[in-house]
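Structural overview
Now for the letters of each chain:
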Amino acid sequence: MTRDERYMKEAIKQAKKAYALGEVPIGCVIVYQDKIIGRGYNRRNTDKNTLAHAEITAINKASRVMKDWRLEECTLYVTLEPCQMCAGAIVQARVTETVIGAMNPKAGCGGSILNILEMPEFNHQVIVRRGILEEECQSVLKKFFRELRVRNRMEKQQRREKQDAEAVLQIKIDDEGENQRGENL
Ligand SMILES: [Zn+2]
């Protein structure tokens, strides 16, 4: 296993923590001098916080360890291509390298929609490697979304059944009301 794969495995472990919470499974670790100094996983729904992305949490922790907002000579491993906010934070933190598992064509800003990480116009460019343990990173996400679809379908069906049951009850109440009025006459 290469060094990149070894640390991506650690990021996948973080993604599985998000999965266990019912969150979109995305995980991140930050490595400095061959040691993990920050870990994070998506907790957006749990924390009800837009900022609770895996990368932001990992950057916060790594900055505390480094006692510096600059994460120079650090490598950030993330299971899914960063969004615009996280890619921006990675550049702002001067992270030297970013290793991406799966790409995210619908929202990614590490080369899919934008490439914030490598824009020559900014004062800092990140060295990026993509597609590390891509299938493994993707399979965690695919499993999550497959199960979410099943859950949504079941909830929809339950809602429909409840509405049907309520409609039947309403008809019964209406009928009984009619009958009682009939008796009173
Ligand atoms: Zn993000």
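Scope of this entry: the structure provided in the associated data block. Every value quoted in this text rests on a predicted model; they were computed, and no experiment measured them.

Brief notes about the overall build of the chain
- The helix and strand tally for the chain stands at five helices and five strands.
- Starting at the N terminus, the α and β elements of the chain follow one another as α-β-β-α-α-β-α-β-β-α.
- Radius of gyration (C-alpha) of the chain: 24 Å, far over the 16 Å computed for a compact globule of 185 residues.
- For the chain, the spread of C-alpha atoms along the three principal axes comes to 90 × 30 × 30 Å.

Considerations on helix H4 (residues 84-92)
- Every buried residue of H4 is accounted for by Cys86, Ala87, Ala89, Ile90 and Val91.
- For H4, the elements touching its buried residues are helix H3 (54-66), strand E3 (74-80) and strand E4 (97-102).
- Once H4 finishes, Arg94 follows within two positions and takes phi at roughly 60°, a positive value.

Remarks on the nonpolar core
- Core analysis: the biggest nonpolar cluster contains 43 residues, and Ala11, Ile30, Leu76, Tyr77 and Ile90 have the highest contact counts within it.
- Counting only elements with at least two residues in this core, the list comes to helix H1 (3-20), strand E1 (27-32), H3, E3, H4, E4 and helix H5 (134-184).
- Sort the elements by how many residues they give to this core and H1 lands first, with seven residues.
- In contact with Tyr77, other than residues within four places in its own chain, are Tyr7, Met8, Glu10, Ala11, Cys28, Val29, Val31 and Val99.

What to know about the pairing of E3
- E3 sits mainly inside the fold: seven of its seven residues count as buried.
- Handedness of the crossover joining E3 and E4 through H4 is recorded here as right-handed.

Quick word on the sheet that holds strand E2 (residues 35-41)
- Taken in spatial order, the five strands of this open sheet run E2-E1-E3-E4-E5, and their pairing is mixed. Taken across any chain shown, the strands that pair with only one partner, and hence form the sheet edges, are E2 and strand E5 (127-130). Ignoring which end each strand starts from, the neighbouring axes of this sheet average 15° apart.
- Inspection of the sheet shows E1 paired to E2 by six bridges, in the antiparallel sense. Bridge pairing in E2 links Cys28 to Gly40.
- Helix-sheet contacts for H1 involve E1, E2, E3, E4 and E5, and the interaxial angle to E1 is about 140°.

Observations regarding H3
- Look at H3: 18 Å from first C-alpha to last across 13 residues, which is about the 18 Å you get at 1.5 Å a residue.
- When we look at burial in H3, the residues that qualify are Ala54, Glu55, Ile56, Thr57, Ala58, Ile59 and Ala62.
- Close packing links the buried residues of H3 with H1, E1, E2, E3 and H4.
- With its phi angle positive at about 50°, Lys67 sits one or two positions after the end of H3.

Thoughts on the environment of Glu176
- As for its position among the elements, Glu176 is in helix H5.
- Note on Glu176: 10 C-beta atoms within 10 Å, which makes it exposed.

Considerations on the environment of Val29
- One can find Val29 in strand E1.
- For Val29, a count of 28 C-beta atoms within 10 Å translates into the label buried.
- Separated by 140 residues in the primary sequence, Val29 and Leu169 place their C-alpha atoms 55 Å from one another.
- Not counting the four nearest positions on each side in its chain, Val29 is found in contact with Tyr7, Glu10, Ala11, Gln14, Ile36, Gly38, Arg39, Ala58 and Tyr77.

Here is what the cut-offs are and how they apply
- Residues numbered from 1 in each chain as written.
- Predicted model: local features only at pLDDT ≥ 70, side-chain atom pairs only at ≥ 80, totals over all residues.
- Helix = DSSP H or I, 4+ residues; strand = E, 2+ residues; numbered from the N terminus.
- Rg over C-alpha atoms; globule rule 2.2 N^0.38 Å.
- Buried ≥ 20, exposed ≤ 12 C-beta atoms within 10 Å, placed from the backbone.
- Contact = placed C-beta atoms within 7 Å.
- Core = buried A, V, L, I, M, F, W, Y, C linked by C-beta atoms within 7 Å.
- Right-handed = clockwise from strand over helix to strand, strands pointing away.
- Pairing = 2+ DSSP bridges.
- Axes fitted to C-alpha atoms, helices over the stretch in contact; angles between N-to-C directions.
- Expected span 1.5 Å × (residues − 1).

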